[in-house]
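Okay, here's what each chain looks like letter by letter:
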Amino acid sequence: MAAGNEQSMKALKEVWKRAENSLCADCGKPDPDWASSTLGVFICLSCSGIHRNIPSISKVKSLKMDYWDDAQVQFLARHGNAVTKAIYEAHIPIYYYQPTYNDCQVLREQWIRAKYERKEFTEPGKQLPYSDGVKEGILWKRGRDNGQFLPRKFLLSEREGCLKYFTKQDAKEPKINVKIDVINATFQPEKIGNPNGLQITYLKDNKTRNIFVYHESGKEVVDWFNAIRSVQFHYLKVAFPIASNNEVKNRLTRNFLKEGYMEKTGPKQREAFKKRWFTLDHRRLMYFKDPLDAFAKGEVFVGSGENGYSVQKGLPSGTQGNFSWHYGITIVTPDREYLFTCETETDQLAWVRAFTSVINQAMTPQEYASKCLDAVSFPS
C-alpha cells in the first residue's frame, strides 16, 4: 500500500511539473499547489477557495498535503490546464476581461463561475448577458453631495454609443449622457467599501469625472463591466477599422497605475504642503480632497522623457513650504516642477516607479492631442 501511494505521488509530481501546469489555470499565479480532481486543473490557494464554493462543479485538494489515488492522478494526467482550458475557454469574447491574481475577488470569482459553472465560453456564438449591445438596470450610485448610495437606472447602448443614468425610474431625460469612448471602469472594493464596488470615470470638457456604484450581485456588476467593454470594443472597431482586435482590446477599460495619499504644494512652492488623494490614470495625474470625490481638484499631464518630462526622488534644495512627510518626489515638466511628499520611503519608491513607467513610454498621436487640449493644472 505504501509503495502504491509512493508511486501515485511520483506520478502526481510528474503531471504537476508539466510546463502547462506551472501557472494557476484561473488567475495565472505561478507555482499553483492545489488542483481540482473533477475539472483537472492546477490552481492557486486563492482560486481553490472560490472552487470550494461551487462543490457541485469542483472538488479541490492540496497537491502537497492531501492523498491522491491512482484514478485521480490519471484524471489529472489526461486533463491538466491546457486540455481543460481548451474546453472551458474555447470561445471567450475578445473584449471579456480575464482577471489575474492581482485583481479583486469579485472579478476572479465571476470569471471562475462563468467558465465552469455557467459554461459561458464552451460554445461559439453563445448569447451572453453582456454581449447584445444594450444593458439596462439598477445600480446603487453614490450621491455627489451627501455620500449616500441610492438606486439609479443605468442604460448602456451600443447603437447610441453612450452610457446614461437617470435619477428616477420614469425620468425621460438622463442625468448624464456619456459617450462610450471617454469612459473607463475599474473595480474599487476597498475605496468604495463594498466588495462589488465599481468606479466609472469619464471625460467632460477634457476633465475627469467619477461615478461610484455597486450592485448586490457580483455577477450583475461584472456583467455591467464586461458590457461596457463590449460596447467600447465594437465602437472602436468602427472608429478604427484597420486596427487589429488586440490593438482595440488594449484600448478598453484599464486599472489605475497608482493611487494613494501624498502631500502637495502650490506652483509658487512656498505654500504649505497639503495631504491629498492622488490617482495616476496613465498620463493623467489627478488629486482629490477625498478618494470618493466626484471631481478632481486638479490634474496634470505626464508626458514622455523625450518631451522633457522626468521624475526625481527628493525635493529641490531650498524648498520653503512646510511639510510633515519627508520622502519627496519632483516631477519635471517643460512648464514647471511639481513637488510632492510621501509618508514612507516605500510609498515614495512605488510612486517613482509608476511615474517612470509612464515617462519611459513614447507618446501616441492621441496623447499629443490630449496634451494640447489639457489646460488643467494643479492650483495652489
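This is a predicted model, so every value here is computed, not measured.

Calculation criteria
Residues numbered from 1 in each chain as written. Predicted model: local features only at pLDDT ≥ 70, side-chain atom pairs only at ≥ 80, totals over all residues. Heavy atoms only, no water. Domains from an automatic or database assignment. Contact = heavy atoms within 4.5 Å. Buried area = accessible area lost by both parts, 1.4 Å probe. Salt bridge = Lys/Arg side-chain N within 4 Å of Asp/Glu carboxyl O. Polar contact = N/O pair within 3.5 Å; in protein donor to acceptor, adjacent residues only side chain to side chain. Nonpolar A, V, L, I, M, F, W, Y, C, P; charged D, E, K, R; others polar. Axes fitted to C-alpha atoms, helices over the stretch in contact; angles between N-to-C directions. Helix = DSSP H or I, 4+ residues; strand = E, 2+ residues; numbered from the N terminus. Parallel < 35°, antiparallel > 145°, perpendicular 65-115°, else oblique. UniProt positions renumbered as here; feature names shortened; annotations may be inferred. Buried < 20%, exposed > 50% of the residue type's maximum accessible area, 1.4 Å probe, protein only.

Asks: I'd like a rundown of the domain arrangement of the chain, residues and numbers included.
Replies: Taken domain by domain, the chain consists of domain 1 (1–117), domain 2 (134–250) and domain 3 (258–377). Placing the centre of domain 1 and that of domain 2 at their C-alpha centroids yields a distance of 33 Å. On the side of domain 2, 17 residues touch domain 1, which itself brings eight residues to the contact. Both sides together, the interface formed by domain 1 and domain 2 hides about 1,100 Å², and carbon and sulfur atoms give 72% of it. If you look at where domain 1 meets domain 2, you find zero salt bridges. Here domain 1 and domain 2 share two residue pairs in polar contact (both at pLDDT 80 or more) between them. Its residues assigned to classes, the side of domain 1 that touches domain 2 shows seven nonpolar, one polar and no charged.

Asks: With reference to specific residues and values, describe the packing of helix H5 (residues 105–117) against helix H7 (residues 218–239).
Replies: A pair of packed helices is captured by two measures, namely the crossing angle of their axes and the spacing between those axes. Their axes nearest at 10 Å, the elements H5 and H7 cross at an angle of 90°. The angle between H5 and H7 falls in the class roughly perpendicular. Contacts between H5 and H7 involve Val106, Leu107 and Gln110 from the former and Gly218, Lys219, Val221, Val222 and Phe225 from the latter. The residue inventory of the contact of H5 with H7, partitioned by class, reads five nonpolar, two polar and one charged.

Asks: Help me get a handle on the UniProt feature "domain: PH" (unreviewed entry) in the chain, residues and values and all.
Replies: UniProt tags residues 132–233 and 255–360 as "domain: PH" (unreviewed entry). Here residues 132–233 is 20% helix and 46% strand, with 12 Å between the C-alpha atoms at its ends. Across residues 255–360, the secondary structure splits into 14% helix and 38% strand, with the terminal C-alpha atoms separated by 19 Å.

Asks: Explain the pattern of salt bridges residue by residue, including any values.
Replies: Under the definition given, this model contains 17 salt bridges. Across the salt bridge formed by Asp33 and Lys64, the nearest N and O atoms sit 3.8 Å from each other. Remark: Lys64 occurs in the loop between strand E3 (60–62) and helix H3 (70–78) and Asp33 occurs in the loop between helix H1 (2–16) and strand E1 (34–36); sequence separation between them is 31 residues. Across the pair Arg159 and Glu160 runs a salt bridge, and its minimum N-O distance is 3.7 Å. Note on Glu160: relative accessible area 31%, which makes it partly exposed. Linked by salt bridges that have partners in common, Asp26, Lys85, Glu89 and Lys115 make up one network.

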